[in-house]
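Coordinates in review
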Amino acid sequence: MEQELPGGPRLIVGVDESPAARWALAWAIGAARLHRMALVAVHVSRAPVHPFPEALPVQHAVRQGEEARCSEVITSVFEDVAGGVPDDLTIAAVGRVGDPGYHLVDLAREGDLLVLGRGRRGLLSRIFLPSTSMYCARHARTTVVIVQQPAPPDEPEISGERHRRFWTRRHP
């Protein structure tokens, strides 16, 4: 799924199903309206890709299925964030299969603005999954905006006792 990309300065936003990506898309929609820039929504599926897809007929079918899923993800995220694709913006949707950081940096050129979400990740996720936002910040030749997912509001305390970590002792 590859649409004709608009010319001139573009605002490229990485989109996936995470809450941080939704915040990044909301920020990108506002910035695209403010600066009158074209918005390019990019979803990159991390499906395993064989280096020679022609060698395996099954791999070609997997790639086509993942690229079709990319358009569904982009459409659903636009529905959640903006109630659909905004009519007042020039929007292109791009779906790719492979490493998200590589493809986002590859699409961004000088004069573009690359917008990414950064969510909270656990220890195992940080160890085994590379950070797309950090990869793009290191390798992109354009301005990169990383939108931090806001912290959830503190839940009100129902009881008078505060939450304690399991390793702290309770003193009488």
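Up top is the structure these notes are about.
To start, this report covers the structure provided alongside it. Please read these numbers as outputs of a predicted model, since none were measured by experiment.

Once that is clear, we can look at the pattern of salt bridges. The tally for this structure, following the rule as stated, stands at five salt bridges. With a shortest N-O distance of 2.8 Å, R10 and D112 are connected by a salt bridge. You can see R10 sitting in strand 1 (residues 10-14) and its partner D112 sitting in the loop between helix 3 (100-107) and strand 4 (113-118), a full 102 residues away along the chain. Overall, the relative accessible area of 3% leaves R10 in the buried class.

Its place among the elements puts S45 in strand 2 (residues 38-45). Setting aside anything within four residues of it in sequence, one finds S45 in contact with E66, C70, R96, V97 and G98.

Moving on, we get to helix 3. Helix 3 sits mainly inside the fold: six of its eight residues count as buried. Within the sequence span of helix 3, burial applies to P100, G101, H103, L104, V105 and L107. Looking at the buried side of helix 3, the elements it contacts are strand 1, strand 2, strand 3 (91-97), strand 4 and helix 5 (132-139).

Another aspect to go through is the pairing of strand 2. Across the eight residues of strand 2, eight count as buried, placing the element largely inside the fold. Residue alternation in strand 2 divides its side chains into two sets, A38, V40, V42 and V44 and L39, A41, H43 and S45, and both sets are buried. Of the pairings in the sheet, the one linking strand 1 to strand 2 comprises five bridges and is parallel in character. Note on strand 2: the bridge partner recorded for L11 is L39. For the handedness criterion, the β-α-β arrangement of strand 1, helix 1 (residues 19-35) and strand 2 is classed as right-handed. Note: strand 2 against strand 3, seven bridges, orientation parallel.

All right, on to the sheet that holds strand 4 then. Read across the open sheet, the five strands follow the order 3-2-1-4-5; overall the sheet is parallel. A strand with exactly one partner marks an edge of an open sheet, and here the two such strands are strand 3 and strand 5 (143-148). Strand-to-strand, the axes of this sheet are offset by a mean angle of 25 degrees, without reference to chain direction. Sheet contacts for helix 1: strand 1, strand 2, strand 4 and strand 5; angle to strand 4, the most-contacted strand, approximately 150 degrees. Where helix 3 meets the sheet, its contacts fall on strand 1, strand 2, strand 3 and strand 4, and the angle it forms with strand 3 comes to roughly 140 degrees.

Where burial is concerned, most of strand 1 is hidden: five out of the five residues are buried. Taking every second residue as pointing to the same face, both faces of strand 1 are buried, with R10, I12 and G14 on one and L11 and V13 on the other. Where strand 1 lies against strand 4, three bridges are found, and the strand directions are parallel. Paired with I12 across the two strands is L114, which belongs to strand 4.

Take unusual backbone geometry next. Peptide bonds are, in most cases, trans, and in most cases residues other than glycine have a negative phi. The phi dihedral of R36 is positive, around 55 degrees, even though this residue is not glycine. In this structure, R36 sits in the loop between helix 1 and strand 2. Classification of R36 as exposed rests on a relative accessible area of 78%.

Nonpolar side chains collect at one region of the surface, where L123, L124, I127 and F128 lie side by side and expose about 490 Å² of accessible area between them. Considering the arrangement of structural elements, one finds L123 in helix 4 (residues 123-128).

Here is what the cut-offs are and how they apply
Residues numbered from 1 in each chain as written. Predicted model: local features only at pLDDT ≥ 70, side-chain atom pairs only at ≥ 80, totals over all residues. Heavy atoms only, no water. Salt bridge = Lys/Arg side-chain N within 4 Å of Asp/Glu carboxyl O. Helix = DSSP H or I, 4+ residues; strand = E, 2+ residues; numbered from the N terminus. Buried < 20%, exposed > 50% of the residue type's maximum accessible area, 1.4 Å probe, protein only. Contact = heavy atoms within 4.5 Å. Pairing = 2+ DSSP bridges. Right-handed = clockwise from strand over helix to strand, strands pointing away. Axes fitted to C-alpha atoms, helices over the stretch in contact; angles between N-to-C directions. Patch = residues over 30% accessible without salt bridge, like charges linked within 9 Å, V, L, I, M, F, W, Y side chains within 5 Å. Areas by Shrake-Rupley, 256 points an atom, 1.4 Å probe, with all protein chains shown as cover.

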